[in-house]
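Reading the structure
In case you want the letters, here they are:
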Amino acid sequence: MGSTLLSFDEASAIVRMHAEALLRDAAPRTERVSLHQAQGRILAQPLVADRDQPSFPRSTRDGFAVRAAEASLNQPLRIAGSTRAGDPPSGPLPPNSAWEIMTGAAVPEGADAVVMIEHVEVANGTVRLLAPRTIASGDNYVPTGAEAHAGDTILAPGVALTAASIALAAFSGYPELDVYTRPRVAILCTGDEIVPVDQSPAPGQIRNSNGPMLAALVAQAGGDPWLLPTVADTEEALNAAIAQALEADLVLATGGVSAGKYDLVEPALERAGFRFHFTGVRIQPGKPTVFATLQSKNGTKCFWGLPGNPISSAATFLLFAAPVLSALAGRTDIGPRFATARLGKRAKHDPALTRFMPAHCTFGAANQWPTVERLFWQGSGDLATFARSNCFLVLPEEQDVIEAGTEVRILLF
Ligand code: AMP
Ligand code: MG
């Protein structure tokens, strides 16, 4: 393979093109889940309103339903009736009167506003809106159908279900939802030095942290992780592992893509007939990342060779693999998820590469911008630092110094 390095934007464009093609052409399978299992799943059906929302004119206040023109004269209005939340709609509202009403109750026919209990004086079976306050038609209630009409599509397929969309589904009478079946993602961790987590590493060995980390990232991106046994740095082991992994919808490998003597993933992909889309990107960490595809009888298989260092694997997964996985999972909003924050401390770098530095962003403070600070690290194998980070700070290729207070991009995970 040649070793042309693409810019970050070029590599991202290639990934996006593949993701968009998948979104157009894939017809993912679906399954039905209860609302309690729906969090994070990708909606596979349109949600349709079974009735108008609201289905009756809903008061948004405790107070009195009135005709705005009458109430705004600030004269006593006779209290003609009372409706609690849950009562059937009542009325009609007689002339020169008001109707006691609670939040969530149906406004009686004939009323066109609700005055708040805090704004009136109640005496002798009458209620008076206190001057100088007046009220306009339409205040403090939501008319029938203002949020949605019966038969409207209120949520389109392709969204990841959140607390809000689960609430909407419940409100609209869906105890279960059709969601897309999660794509199966094979995870191959290569390296002679890697031992499973339940083993004690001998001198020179390390435990496999990429496997569980990628399994978590895959699940978060909407995939079903399939963690295969670690693969030795030999041609035979790689041939066999790649052949097995191709049973999955998508393959992630870590390690073995750098320039070392035992970095054998690229030749193995070549032997298996893969086509390479990139074999290096001008980023740090993650420069040797490989993206390749294979046309097989069960469609196109995407393969990412991610560098073995954990922070490199995580960053390149988020940047280049997660968008395609999301698309394959049926999700229309495919990421990666960038946001902006203020830089806490001046940052400097050698601007030959776009850098994704483990960083911590403070989101919590009200009235204050999210503020991000790069964490001091021992390079892309430094898991202790990575675990204290909550985002990557993006240092653009063309900029060597960024002053404190500057608006910068962060990559969320
Ligand atoms: P490689 O990309 O194979 O050159 O590996 C780069 C670095 O990442 C080396 O220090 C490896 O030991 C380390 N590494 C590779 N695979 C893993 C893994 N699965 N878990 C943790 N570290 C790894
Ligand atoms: Mg290796």
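Residues numbered from 1 in each chain as written. Chains lettered and ligands numbered in written order. Predicted model: local features only at pLDDT ≥ 70, side-chain atom pairs only at ≥ 80, totals over all residues. Heavy atoms only, no water.

On to the pattern of salt bridges. A side chain of one charge can pair with a side chain of the opposite charge when the charged atoms of the two come close. Tallied over the entire structure, the rule returns eleven salt bridges. Put simply, Arg41 and Glu31 hold a salt bridge, and the shortest N to O gap is 3.1 Å. Residue Arg41 is found in the loop between β1 (30-34) and β2 (47-48), and its partner Glu31 is found in strand β1; the two are separated by ten residues along the sequence. On the basis of relative accessibility, which here comes to 31%, the residue Glu31 falls in the partly exposed class. For Arg128, the salt bridge is made with Glu121, and the minimal N-O distance between the two is 3.4 Å. (Salt bridge = Lys/Arg side-chain N within 4 Å of Asp/Glu carboxyl O. Helix = DSSP H or I, 4+ residues; strand = E, 2+ residues; numbered from the N terminus. Buried < 20%, exposed > 50% of the residue type's maximum accessible area, 1.4 Å probe, protein only.)

Here we take up helix α4 (residues 210-220). Along α4, the residues classified as buried are Asn210, Gly211, Met213, Leu214, Ala215, Leu217 and Val218. Those residues of α4 hidden inside the fold are in contact with β13 (184-189), β16 (224-227), β17 (250-254), β21 (299-306), α7 (310-328) and α8 (383-388). Looking one or two places after α4, you find Gly222, whose phi comes out positive at around 100°. (Contact = heavy atoms within 4.5 Å.)

Within the structure shown, the criterion is met by nine aromatic pairs. Summarising the aromatic geometry, the rings of Phe278 and Phe320 are spaced 5.4 Å apart at their centres and angled 65° between planes, so their arrangement reads as edge-to-face. With Phe278 in strand β18 (residues 275-278) and Phe320 in helix α7, this pair connects stretches of sequence that are 42 residues apart. Here Phe278 falls in the buried class, since its relative accessible area comes to 3%. Of the residues examined, Phe320 reaches a relative accessible area of 0% and is grouped as buried. (Phe/Tyr/Trp six-rings, centres within 6.5 Å; stacked < 30°, edge-to-face > 60°.)

On to the domain arrangement of the protein, then. If you check the domain split of the protein, you get domain 1 (8-29 + 182-328), domain 2 (34-52 + 147-180), domain 3 (58-142) and domain 4 (339-412). Computed from C-alpha coordinates alone, the two centres of domain 1 and domain 4 are separated by 26 Å. Taken together, the contact between domain 1 and domain 4 spans 16 residues of the former and 19 residues of the latter. Of the roughly 1400 Å² buried between domain 1 and domain 4 on both sides combined, carbon and sulfur atoms contribute 70%. Looking only at domain 1, the three residues that lose the most surface to domain 4 are Arg282, Gln284 and Ile311, adding up to 44% of its buried area. Across the domain 1-domain 4 interface, the total number found is one salt bridge. Joining domain 1 to domain 4, the criterion identifies eight residue pairs in polar contact (both at pLDDT 80 or more). (Domains from an automatic or database assignment. Buried area = accessible area lost by both parts, 1.4 Å probe. Polar contact = N/O pair within 3.5 Å; in protein donor to acceptor, adjacent residues only side chain to side chain.)

What follows covers the nonpolar core. Membership of the largest hydrophobic core comes to 58 residues, with the highest contact counts inside it found for Leu252, Trp304, Phe317, Phe320 and Val372. Among the elements that take part in this core, α7 stands out by supplying 13 residues, more than any other. No fewer than three residues from each of domain 1 (8-29 + 182-328) and domain 4 (339-412) sit in this core. Residue contacts for Trp304: discarding those within four places in its chain leaves Leu250, Val251, Leu252, Ala253, Val290, Phe291, Phe320, Ala321 and Val324. Counting residues in hydrophobic clusters, the runner-up holds 24 residues, among them Ile242, Val251, Phe276 and Val290. (Core = buried A, V, L, I, M, F, W, Y, C linked by side-chain atoms within 4.5 Å.)

Our focus in this paragraph is the packing of helix α1 (residues 8-25) against α7. For any two helices packed against each other, one specifies the inter-axial angle together with the distance between the axes. With their axes 8 Å apart at the nearest point, α1 and α7 run at an angle of 10° to one another. As far as their axial angle goes, α7 and α1 are roughly parallel. On α7, the residues touching Phe8, Ala11, Ser12, Val15, His18, Ala19, Leu22 and Leu23 of α1 are Leu319, Phe320, Pro323, Val324, Ala327 and Leu328. (Axes fitted to C-alpha atoms, helices over the stretch in contact; angles between N-to-C directions. Parallel < 35°, antiparallel > 145°, perpendicular 65-115°, else oblique.)

In this section: the site of ligand 1. Close contacts around ligand 1 come from 17 residues, with Glu193, Asn208, Gly256, Gly308 and Asn309 the closest. Within the contact set of ligand 1, an oxygen atom lies 2.5 Å away from a side-chain nitrogen or oxygen of Glu193. One nitrogen or oxygen atom from the main chain of Gly256 is found 2.9 Å from an oxygen atom belonging to ligand 1. Within the complex, the protein chains bury 77% of what would otherwise be the 480 Å² of accessible surface of ligand 1. For the shell around ligand 1, the class distribution of residues is four nonpolar, ten polar and three charged. (Near = heavy atom within 4 Å. Areas by Shrake-Rupley, 256 points an atom, 1.4 Å probe, with all protein chains shown as cover. Nonpolar A, V, L, I, M, F, W, Y, C, P; charged D, E, K, R; others polar.)

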